[in-house]
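Structural overview
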Amino acid sequence: MIRKNGSWSDMKINILNIPEEGLDLKFSLEAGSFSHLLPDKEDFDFSLDRVYFTGSIRKLGQSIFFAGTFETRLKTQCDRCLEDAYLPIKADFRYTLLPEVATGEEKIALKTEDLDVGYYAGDVIDLTPIIFEQIMLQIPMKVLCRESCQGLCSRCGINLNAGSCDCHSDFIDERLKVLQNFKI
């Protein structure tokens, strides 16, 4: 691990250096630490503030147990009004890493308990992809700037949080008017 300006720039841990009692970890990562995990030329549709992590890593035989808490803030667009939305993200997680076993091309059905298990090869484990995966799992499908967001007017497009419009709420798009008399 290399420490730069109070943060860890490379979260690789040599499992041979993990003492019997384990290691307590406390570090922060810049949002740019995750860019190498995306395919070339692909970009986030959001940005992250610095990610703060506290946790531990322990070794029992060849199994590695990695657990902790991370905290960051997500900046993206509100799904209703398209304005900037800031979402604090904080979560606890546990992850078990097992030595990689050579298997054939057979398909294996995953069980619920398999979802927090990963595999490692060699003596070095990079914790950055695990933390990035946990952050991605915490991002909701629909992000709102606030619960009471009114969104955009479907007719004129004005942000209804910033003002009102003179559009009528009973307006029916001519293309959909045929559905008005539709009965089930």
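In this report, the structure presented in the accompanying data block is examined. Since the structure is predicted, the reported quantities are computational estimates derived from the model, not experimental observations.

What follows deals with the pairing of strand S6 (residues 51-60). Summarising the sheet, strand S4 (residues 23-29) and S6 pair through seven bridges and their orientation is antiparallel. Paired with Phe27 across the bridge in S6 is Phe53. Here S6 pairs with strand S7 (residues 63-77) via nine bridges, running antiparallel. Residue Gly55 lies in a different strand from S7, and its bridge partner there is Gly68. In this structure, the hairpin formed by S6 and S7 is closed by a connection of two residues, where Gly61 is found at a positive phi of approximately 65°.

This next bit is on the nonpolar core. Ranked by internal contacts, the top residues of the largest apolar core, which has 30 residues, are Phe66, Leu127 and Ile131. For this core, the secondary structure elements donating two or more residues are S4, S6, S7, strand S8 (84-99) and helix H1 (128-138). Per-element accounting of this core gives the leading share, five residues, to S8. Setting aside its immediate chain neighbours within four residues, Phe66 contacts Leu25, Phe53, Ser56, Ile57, Phe93, Arg94, Tyr95, Leu127, Ile130 and Ile131. Among the nonpolar cores identified, the runner-up in size contains six residues, and Cys78, Val143, Leu144 and Cys149 belong to it.

Listing the buried residues of H1 in full gives Thr128, Ile130, Ile131, Phe132, Gln134 and Ile135. The secondary structure elements touched by the buried residues of H1 are S4, strand S5 (47-48), S6, S7, S8 and strand S10 (124-126).

Attention now moves to the environment of Gln62. In this structure, Gln62 sits in the loop between S6 and S7. Expressed as a C-alpha distance, the spacing of Gln62 and Leu97, which sit 35 residues apart in the sequence, is 8.6 Å. In contact with Gln62, not counting residues within four places along its chain, are Leu97, Pro99 and Tyr120.

With that settled, consider the packing of aromatic side chains. Under the definition given, this model contains five aromatic pairs. Both rings, one in Phe53 and one in Phe93, keep their centres 6.1 Å apart while their planes meet at 40°; by these two values the pair is tilted. Here Phe53 is found in strand S6, whereas its partner Phe93 is found in strand S8, with 40 residues between them in sequence. An identical accessibility class is assigned to Phe53 and Phe93; each is buried. Through successive ring pairs, a cluster of aromatic residues spans Phe27, Phe53, Phe66, Phe70 and Phe93.

With that out of the way, let us pick up the side chain of Thr72. Assignment of secondary structure puts Thr72 in strand S7. Beyond its immediate sequence surroundings of up to four residues, Thr72 is in contact with Leu48, Asp49, Arg50, Val51, Leu87, Pro88 and Ile89.

A few words on the pairing of strand S9 (residues 117-120). Covered by surrounding structure in S9 are Gly118 and Tyr120 only, the residues Val117 and Tyr119 on the alternate face being uncovered. For S8 and S9, the ladder comprises four bridges, and the chain directions are parallel. If you follow Thr96 over to S9, its bridge partner there is Val117.

So, how was this worked out
- Residues numbered from 1 in each chain as written.
- Predicted model: local features only at pLDDT ≥ 70, side-chain atom pairs only at ≥ 80, totals over all residues.
- Heavy atoms only, no water.
- Pairing = 2+ DSSP bridges.
- Helix = DSSP H or I, 4+ residues; strand = E, 2+ residues; numbered from the N terminus.
- Core = buried A, V, L, I, M, F, W, Y, C linked by side-chain atoms within 4.5 Å.
- Buried < 20%, exposed > 50% of the residue type's maximum accessible area, 1.4 Å probe, protein only.
- Contact = heavy atoms within 4.5 Å.
- Phe/Tyr/Trp six-rings, centres within 6.5 Å; stacked < 30°, edge-to-face > 60°.

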